[in-house]
Amino acid sequence: MSDDRPQPRRRVAPVAAPLFGGAKPHSGPRLSRADRSALGIWFWEIDRVLLLLLTILIAIGLVAVAAASPVAAAKQSTAATTIAPLYYLYRQILWVLLAVPAMLVVSMLPRAQARRLAIYATLVFLALLFLVPILGTTVNGAARWIGSGVFRLQPSEFLKPFFVVTLAWTLSLKVEDDSLPVVPLSFALTTVIALLLLNQPDLGQTIIFCSSWLVLMVVAGMSFRIVGGLIGAGLAGLVSAYFFYPVATTRIDIWLFGEGDSFQVEKAHAALTGGGLIGTGPGAGIAKFALPEAHTDYIFSVIGEEFGLIACVAIACLYLAIIIRVLLRLLDEEDQFTILAVAGLVTQFGGQAIINMAVNTQLFPSKGMTLPFISYGGSSLIALGLGMGLLLSLTRRNPYLSRSTLDNDWNPQ
Amino acid sequence: MTTLVARPDRVRLAGQRQRAMMTAHQRLMILMLLFIVAIIVIGGRTLAFAFIDDAHGSGRGGSAMIPARADIVDRNGVPLARTIDAYSLRVVPSRLMNDPRRLAADLAAIFPDTSADTFYAKITGKNPTLLRRRALPEEVAAVNALGEVGFEYPRVKERLYPQHTLAAHVLGFTGADHRGVIGVEKAFDERLSDPALRGEPLVLSIDSRVQATLESELYTAMVNLEAQGAAGIVLDVSSGEVLGMASLPVFNPNKIVSGSNAARKNAVTYNLYELGSTFKPLTIGKAMDIGVVTSMSRRYDATKPLKVGRFAIHDSHNMGRWLNVPETLIHSSNVVTAQIADEMGQAPLEQLFRSLGFDNRPQIELKERAFPLWPRSWGRLTTMTTSYGHGIAVTPLHLASAYGALVNGGTFYPATLLKTERGRQPAGKRVFSEATSARMRQLLRMIVVDGTGTKADAPGFRVGGKTGSAEKPSAGGYAHHSLVSTFVAAFPMDNPRYVVLAMIDEPKGNAYSSGQRTAGWTAAPVVRNVVMRIGPMLGIIPDQNRDVDLSDLEPLLWKPKGEN
């Protein structure tokens, strides 16, 4: 450190400073430690390592979409219309240009405002989710979208991050007032959403919503006996889904018994292993052209073929690094709401990544689930940007504050 | 905890919050561990795909691992034919981005065997066409590096023969439609392409080490003797399994070029030869069986050519004296063999040849089998000439199978190219009596010890066999200077296990064979070399102290005074 003068430890109030603060008398150069503008404070408060990891992930995503784009373009092209091979890459760049600023803007919100945004947005997208069965657009046999063309959006994708923050806020109320029936309330809300999603049908999202609720319950201190019971009920639900929910039946059949049309699974395996350890090289993949949904659900297999299984392992490690980074930082956090919200957000993010990679490696039956920040998709990317923005906003903390040691006994007996 | 009651509410709330926080942090760490485990499982699975693709997994990705056509392996599992994914090179002219002239020149530089003009014509055509039906990975990489999007590299199934020309005639090859054209590929086409069976390789009786030895020794002899071709077989006498089957010149099944039809002929099963003197042991064996030859010491007149009507049977080397049976075989006398056959009559000889299958295509799974030239009418003369292998033309495989029966105790087994489990071999057919076979083992061994086959005597391997040098039939008679020299042998003679046959087509008498063209100088050394090389591989230990007991026959050989 060049600066050998001890800095005074003081709490910086992130209020009332202009975002791009001009020449304040006590401001140092832009983004220096002495910069007291809101942007400077944001820069020093935000989790920069996490931001870097997300940037790497988004960059990898663009490369992967570039590899998968010709496949999707070839699939969509007809005799009459030809779609440029890199069409989906250009679209994805557009989405990134929207999603990244959205993420940064949300990350600049103070905690209270972020919470308020999440609660209002939850109401809006919940309303939209209710409208899906009425106004929805059906794609690939599932009515998940509202609107059409560029303005087509998938309410469940947006609802996901906002919902979990709202849920966290609801649960954190219990700390203030023990008498509030927050657990039954949150359970009812989750159940309603799950039923709406199953109706679309969208089993993957249902699992993500339910498991993020469960994680919040666990972190909020639910006894393990009840947690065990709930997991058992969840498994029973899956088994009953297998017997009574046709989509689940066929997919689980294919996965477990290799029955029925295992076309997707075989093609994914062929693509994933097609390039061996180090891959065929960018653009040299062949098996990828046989993949359905190469740019979304099976983009991990495209990466496997062109960049090798080593790259796949590296991406899995990158996701793990993000998850660990966020969870470890939560250990310094004392606010119940923040812990719950951030844990929920990172569970959604990590859970989605793990389910997608597990599907691609044939550990799970196939389901429509994108790989966060790597798969192509506007709704998914912007929703992820908003979710990560919330996460970044909530994990902002004064770098000069250190965690109060919890094992410090306040009440010696 | 009872003391908690005494605390003020505010403090209790703080304590609760504190505990809740600790619980939350604890559970966050559990959550983190779960994530770590999940990622480790996914990463491990991914790496497992890279190193051990178990091909079943939980899905059925493994079905890609079942080849489109079954592999062919030798009896020890050495791959002889496999199906691989190869590249081909295709052009879609409508998508070309670069100057076709330049592309054509670049392609011609990568594939020097095709001219730039040919490529130009193809890439400026209207429709997508194949530029190369097969391309090596490095060629594909080079073409890809041209950066042209109009090229495609479809993967195509290709039949690969990793041992190159080894056993090419046995294996055959497949056509563009992936169906067998000749050889095992043709004979077992159904089996090889059956979806239910193609996961399992087809196991041949061929031993690739034996096959390679046979080919290399035959090739050496063929080149040194300036011969037109050569053929050889190694046959298991107790099951009919073919351990080696070579036909020279060879061809490369990986690269089938038009116009090499002659080389693709399997001389062992498809070429007919008058195999000459090698028939004599068969005739004499039959004569012993039916009691025409009762004593080894009985002598026959070999002082002069045998006149039958207008025809005279000569010996190539007139001994000028009377010969007994062992001497007949040792000196390979046509005259005496014809006398014995004459005495035996036509019926038994014809019956013998029929029971050995000489009247039909050789018994083996291959489709390329020639129908023998069977005498149209069996007169007295025919009986006499066929007894020493003239006037009847069979394939080398016929002869090898017959010798198997002659030495193994008298049981004839049809030859097979499939590996046969011990004890599962088909029931054979008795052709000679045990006693005849035992006597014949002595006689064949004597030919190698004392007679025309001395150059086949691999020390310690107890080789026994018979030479045969037949003149090739040509327009209007026999070509006196083009011989087919055959040596058919079995070893070890005290308990025969393998028949080894070597045949040289039109050897030249040169320095390599001391100016001789006959089998004793051309084919016999091949058998010796083959036996010396394959014997130890097949578990036959050379032993100078063991041999067939010849003591009852040795005294019958006349030797000039002075020689003991």
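Values in this document were obtained by computation on a predicted structure and should not be read as measured data.

Enquirer: Please set out the overall build of chain B residue by residue, giving values where relevant.
Expert: For chain B, the helix and strand inventory stands at 18 helices and 17 strands. Going through the 564 residues of chain B one by one, you find that 52% of them count as buried. In the form shown here, chain B has an accessible surface area of approximately 24,800 Å², with 54% of it arising from carbon and sulfur atoms.

Enquirer: Can you break down helix α13 (residues 334-344) of chain B residue by residue, with the values?
Expert: Residue and element names in this part refer to chain B. With respect to burial, α13 is a largely interior element, eight of its eleven residues being buried. Considered for burial, the residues of α13 that qualify are N334, V335, V336, T337, A338, I340, A341 and M344. With a side-chain oxygen lying 3.4 Å from the backbone nitrogen of V335, the N-terminal cap of α13 falls on S333. Positive phi shows up at G345, right after α13, with a value of about 95°.

Enquirer: I'd like a description of the packing of helix α2 (residues 48-76) of chain A against helix α3 (residues 87-108) of chain A, backed by residues and values.
Expert: Residue and element names in this part refer to chain A. Contact geometry for α2 and α3: axes closest at 7 Å, N-to-C directions at 155°. One element, α2, and the other, α3, form an angle in the roughly antiparallel class. Classified by chirality, the crossing of α3 by α2 is right-handed. From α2, L51, L54, I58, L62, V65, A66, S69, A72, A73 and Q76 reach across to α3, where they touch Y87, Y88, L89, Q92, I93, V96, V100, M103 and L104. Considering only residue class, the contact of α2 with α3 consists of 16 nonpolar, three polar and no charged.

Enquirer: Explain the side chain of N334 of chain B to me, using residue names and the numbers behind them.
Expert: Mapped onto the fold, N334 of chain B is located in helix α13. What N334 of chain B contacts, discounting residues up to four positions off in sequence, is S277, K280, I313, H314, D315 and Y388 of chain B.

Enquirer: Tell me about the packing of aromatic side chains, and please be specific about residues and values.
Expert: All names here are of chain B. Taken as a whole and assessed by the stated rule, the structure comprises 18 aromatic pairs over all chains. When the ring of F111 is compared with that of F119, the centres are 6.1 Å apart and the planes differ by 45°; the resulting orientation is tilted. Look at F111 and you get buried, because its relative accessible area is 1%. For F119, a relative accessible area of 1% corresponds to the buried category.

Enquirer: Would you mind going over the pairing of strand β16 (residues 477-491) of chain B in detail, with residue names and values included?
Expert: Of all 15 residues in β16 of chain B, eleven are buried; the element is thus mostly enclosed. Counted between consecutive antiparallel strands, the loop separating β16 of chain B from strand β17 (residues 498-505) of chain B contains six residues.

Enquirer: Tell me about the pairing of strand β8 (residues 242-248) of chain B, residues and numbers included.
Expert: All names here are of chain B. Burial of β8 is extensive: seven of the seven residues sit out of reach of the surface. As judged from the six bridges shared by strand β7 (residues 229-236) and β8, these two strands associate in the antiparallel manner. Bridging across to β8, A230 finds its partner in L248. In textbook terms, the turn of a hairpin is the stretch between consecutive antiparallel strands, and for β7 and β8 this stretch comprises five residues, one of which, G240, has a positive phi near 80°.

Enquirer: Can you tell me about the pattern of salt bridges, naming the residues and giving the values?
Expert: All names here are of chain B. Enumeration over the complete set of coordinates arrives at 36 salt bridges over all chains. In this structure, R101 and D117 form a salt bridge, with 3.8 Å as the shortest nitrogen-oxygen distance. Here R101, found in helix α2 (residues 100-110), pairs with D117, found in helix α3 (residues 116-123); they are 16 residues apart in sequence, far enough to count as distant. Across the pair D106 and R102 runs a salt bridge whose closest N-O atoms are separated by 3.9 Å. In this pair, D106 and R102 are both assigned in helix α2, four residues apart and thus about one turn of the helix distant.

Enquirer: Which residues make up helix α16 (residues 396-407) of chain B, and what are the values?
Expert: All names here are of chain B. With twelve residues, α16 extends 17 Å from end C-alpha to end C-alpha; this agrees with the ideal 16 Å at 1.5 Å per step. Counted residue by residue, α16 has twelve buried out of twelve residues, so it is predominantly covered. Along α16, the positions that sit buried rather than exposed are P396, L397, H398, L399, A400, S401, A402, Y403, G404, A405, L406 and V407. Just beyond α16, the residue with positive phi is G409, at close to 110°.

Enquirer: Report on the nonpolar core, specifying residues and quantitative values.
Expert: By size, the foremost hydrophobic cluster in this structure holds 115 residues, and its most contacted members are Y319, L327, M357, F373 and I374 of chain A. Apart from the residues within four sequence positions on either side, F373 of chain A is in contact with L54, L57, I58, G61, M103, F349, L381, L384, G385 and M388 of chain A.

Enquirer: For unusual backbone geometry, give the residues involved together with the corresponding values.
Expert: The omega angle of the peptide bond from L248 of chain B to P249 of chain B is 0°, so this bond is cis rather than trans. Position of P249 of chain B relative to the elements: it lies in the loop between β8 and α9 (261-264). The amide bond that connects F491 of chain B to the next residue, P492 of chain B, takes the cis arrangement and shows omega of -20°. Secondary-structure assignment places P492 of chain B in the loop between β16 and β17. A positive phi is found at Q362 of chain A, a non-glycine position, where the angle reads about 60°. Relative to the helices and strands, Q362 of chain A resides in the loop between α12 (336-360) and α13 (378-394). For Q362 of chain A, a relative accessible area of 4% puts it in the buried group. Non-glycine residue A167 of chain B carries a positive phi angle of around 55°. Mapped onto the secondary structure, A167 of chain B falls in the loop between β5 (155-160) and α5 (168-171).

Here is what the cut-offs are and how they apply
- The numbers attached to residues start from 1 for each chain and follow its sequence in the written order.
- A letter from A marks each chain and a number from 1 marks each ligand, given out in the order of writing.
- This being a predicted model, a pLDDT of at least 70 is required before a residue's local features are given, and a value of 80 or more before pairs of side-chain atoms are given or counted; all residues contribute to the totals for chains, interfaces and linings.
- For the side-chain quantities, the full set of heavy atoms in the structure was used; hydrogens and water were omitted.
- Each helix is a run of H or I in the DSSP string that is no shorter than four residues. Each strand is a run of E no shorter than two, and both are numbered from the N terminus.
- Classification of residues uses two cut-offs on accessible area relative to the type maximum, computed with a 1.4 Å probe and protein chains only: under 20% is buried, over 50% is exposed, and between them is partly exposed.
- Each accessible area is a Shrake-Rupley estimate made with a 1.4 Å probe; only the visible protein chains count as cover when residues are assessed.
- Here a polar contact is recorded for every N or O atom pair within 3.5 Å, except that within protein the pair must consist of a potential hydrogen donor and a potential acceptor, and residues adjacent in sequence are included only if both atoms are side-chain atoms.
- Fitted lines through C-alpha atoms give the axes, limited to the stretch in contact for helices. The angle between two N-to-C directions lies from 0 to 180 degrees.
- Every angle not falling under 35 degrees, over 145, or within 65 to 115 is termed oblique; those three ranges are roughly parallel, roughly antiparallel and roughly perpendicular.
- Left-handed describes a crossing whose near helix is turned anticlockwise from the far helix through less than a right angle; right-handed describes the clockwise counterpart.
- By definition in these notes, contact holds between two residues if any of their heavy atoms fall within 4.5 Å.
- Here the term charged refers only to Asp, Glu, Lys and Arg, the term nonpolar to Ala, Val, Leu, Ile, Met, Phe, Trp, Tyr, Cys and Pro, and the term polar to all other amino acids, Gly among them.
- Pairs were defined over the aromatic rings of Phe, Tyr and Trp, the Trp ring being its six-membered one, requiring ring centres within 6.5 Å. Orientation was assigned from the angle between planes: stacked under 30 degrees, edge-to-face over 60, tilted for the rest.
- Paired strands are those between which DSSP finds at least two bridges.
- Every case where a carboxyl oxygen of Asp or Glu lies within 4 Å of a side-chain nitrogen of Lys or Arg is listed as a salt bridge.
- Each helix should span, by expectation, one fewer than its residue count multiplied by 1.5 Å.
- Take the buried Ala, Val, Leu, Ile, Met, Phe, Trp, Tyr and Cys residues and link them wherever side-chain atoms come within 4.5 Å; each set so joined is a nonpolar core.

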